[in-house]
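So you can see what is in the structure, the chains are spelled out below.
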Amino acid sequence: MSEQYLVGSELLGLTSNKDKDYFIFDDSMNEDYKMVTDKETHIDYFYRKTAFFNKICNFEIDFKQELRIYSVLYQYDIDIIGQDFPLVFHVLNHKQDFLNFLNYVVSADVCGFGAFTRKRGTQNSYCVKEIYHIAYLTYILKNNSTTLTQQQKTIIQTIHDRQMPLSFLDELKAEILNLK
């Protein structure tokens, strides 16, 4: 089996994890991406072709086509993923690209900012879990570092646990729009 790299909430040190996520480079696939879930172990395996992942890391693929991977790409920063990850990637080397991505997320009402998600969220008055990725990336860009403050880590955990009030989206949107 190819080498696998821990990603997701466990990598980030979040608690209340229901599964583990691993990333695997697999150049033998016909497609650029696949996900496999082991129902017994609750492990999700995310497979990517190396060349395609390199294109993602260099923003050579339009983030409008690959919203999901761009929203979690910060995890592959060598300072976060570590683990002898074979590709050296730094979020801050692509700061403008990530700023463009976050501004698109806000302006196009996607990744939790859209009307559908707000409506769905208002049923329980909490942000959807996936927003923690947008917040994490926002904090990296705001801090100009992959190291988050304790307060930011608490916010990320609260979002992950689906306990962050929906009103937080307005605060996060303002933070994104103030990034430079």
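Coordinates for the structure precede this section.
Colleague: What is the right way to look at the layout of surface pockets in this model?
Modeller: It is a probe the size of a water molecule, rolled over the atoms, that shows where empty space is left. Approximately 390 Å³ is the volume attributed to the largest pocket. Forming the walls of the largest pocket are 21 residues, and the residues nearest its centre are Asp21, Phe46, Arg68, Val72 and His133. For the lining of the largest pocket, a count of residues per class yields 9 nonpolar, 4 polar and 8 charged. Here the second largest pocket defines a volume of roughly 210 Å³. Forming the boundary of the second largest pocket are 13 residues, of which Leu12, Gly13, Tyr136, Leu148 and Lys153 lie nearest the centre. Within the residue set of the lining of the second largest pocket, elements represented by two or more residues are α3 (78-81) and α7 (150-160). For the lining of the second largest pocket, the element with the most residues is α7, which contributes 4 residues. For the lining of the second largest pocket, the residue count by class is 6 nonpolar, 5 polar and 2 charged.

Colleague: Any chance you could explain the nonpolar core here in plain terms?
Modeller: Nonpolar side chains in soluble globular proteins generally cluster together in the buried interior. Counting residues in hydrophobic clusters, the biggest one holds 63 residues, and the most contacted among them are Phe53, Leu73 and Tyr76. Of the residues forming this core, the biggest block, 9 residues, is contributed by helix α6 (residues 131-143). When neighbours within four sequence positions are excluded, leucine 73 is seen to be in contact with Phe53, Ile56, Cys57, Phe59, Phe89 and Phe98.

Colleague: I'm lost on α6 in this one. Help?
Modeller: An α-helix turns once per 3.6 residues; consequently, residues spaced three or four apart project the same way. Its 13 residues give α6 an end-to-end C-alpha distance of 18 Å, which sits within 8% of 18 Å, the value for a rise of 1.5 Å per residue. Along α6, 11 of the 13 residues are buried, which leaves the element largely enclosed by surrounding structure. Taken together, the buried positions of α6 are occupied by Ile131, Tyr132, His133, Ile134, Ala135, Tyr136, Leu137, Thr138, Tyr139, Ile140 and Leu141. Against the buried residues of α6 lie α2 (67-72), α3, α4 (95-107), α7 and α8 (168-178). Trailing α6 by a residue or two, asparagine 144 shows a phi angle of about 55°, which is positive.

Colleague: Quick question: what am I supposed to make of the pattern of salt bridges here?
Modeller: In a structure, side chains of opposite charge can pair up when their charged atoms sit close to one another. In the structure shown here, the tally under the stated rule is 3 salt bridges. With a shortest N-O distance of 3.8 Å, arginine 48 and glutamate 66 are connected by a salt bridge. Taken together, the positions of arginine 48 in strand β4 (residues 43-48) and glutamate 66 in the loop between α1 (50-57) and α2 put the pair 18 residues apart, joining distant regions of the chain. The class of arginine 48 is buried, set by a relative accessible area of 5%.

Colleague: Looking at this structure, how should I read the sheet that holds strand β2 (residues 20-25)?
Modeller: Within a sheet, neighbouring strands are paired by backbone hydrogen bonds and run either parallel or antiparallel to one another. Taken in spatial order, the 4 strands of this open sheet run β1-β2-β4-β3, and their pairing is mixed. Here the strands that pair on one side only, and so sit at the sheet edges, are β1 (4-7) and β3 (33-38). Averaged over all pairs of adjacent strands, the angle between strand axes in this sheet comes to 25°, irrespective of strand direction. Sheet topology places β3 next to β4; 6 bridges connect them, and they run antiparallel. Paired with threonine 37 across the strands is aspartate 44, a residue of β4.

Colleague: Is there a simple way to explain the environment of threonine 149 in this structure?
Modeller: Tracing the backbone shows threonine 149 in the loop between α6 and α7. Taking relative accessible area as the criterion, threonine 149 reaches 38% and is therefore assigned partly exposed. For threonine 149 and tyrosine 139, which are 10 residues apart along the polypeptide, the C-alpha to C-alpha distance reads 8.8 Å.

Definitions and limits used
Residues numbered from 1 in each chain as written. Predicted model: local features only at pLDDT ≥ 70, side-chain atom pairs only at ≥ 80, totals over all residues. Heavy atoms only, no water. 1 Å grid on protein atoms, 1.4 Å probe; cavity = no way out; pocket = protein on both sides within 12 Å on 5 of 7 lines; lining within 4 Å. Points joined across faces, edges and corners; volume = space filled by probe spheres on them. Nonpolar A, V, L, I, M, F, W, Y, C, P; charged D, E, K, R; others polar. Helix = DSSP H or I, 4+ residues; strand = E, 2+ residues; numbered from the N terminus. Core = buried A, V, L, I, M, F, W, Y, C linked by side-chain atoms within 4.5 Å. Buried < 20%, exposed > 50% of the residue type's maximum accessible area, 1.4 Å probe, protein only. Contact = heavy atoms within 4.5 Å. Expected span 1.5 Å × (residues − 1). Salt bridge = Lys/Arg side-chain N within 4 Å of Asp/Glu carboxyl O. Pairing = 2+ DSSP bridges. Axes fitted to C-alpha atoms, helices over the stretch in contact; angles between N-to-C directions.

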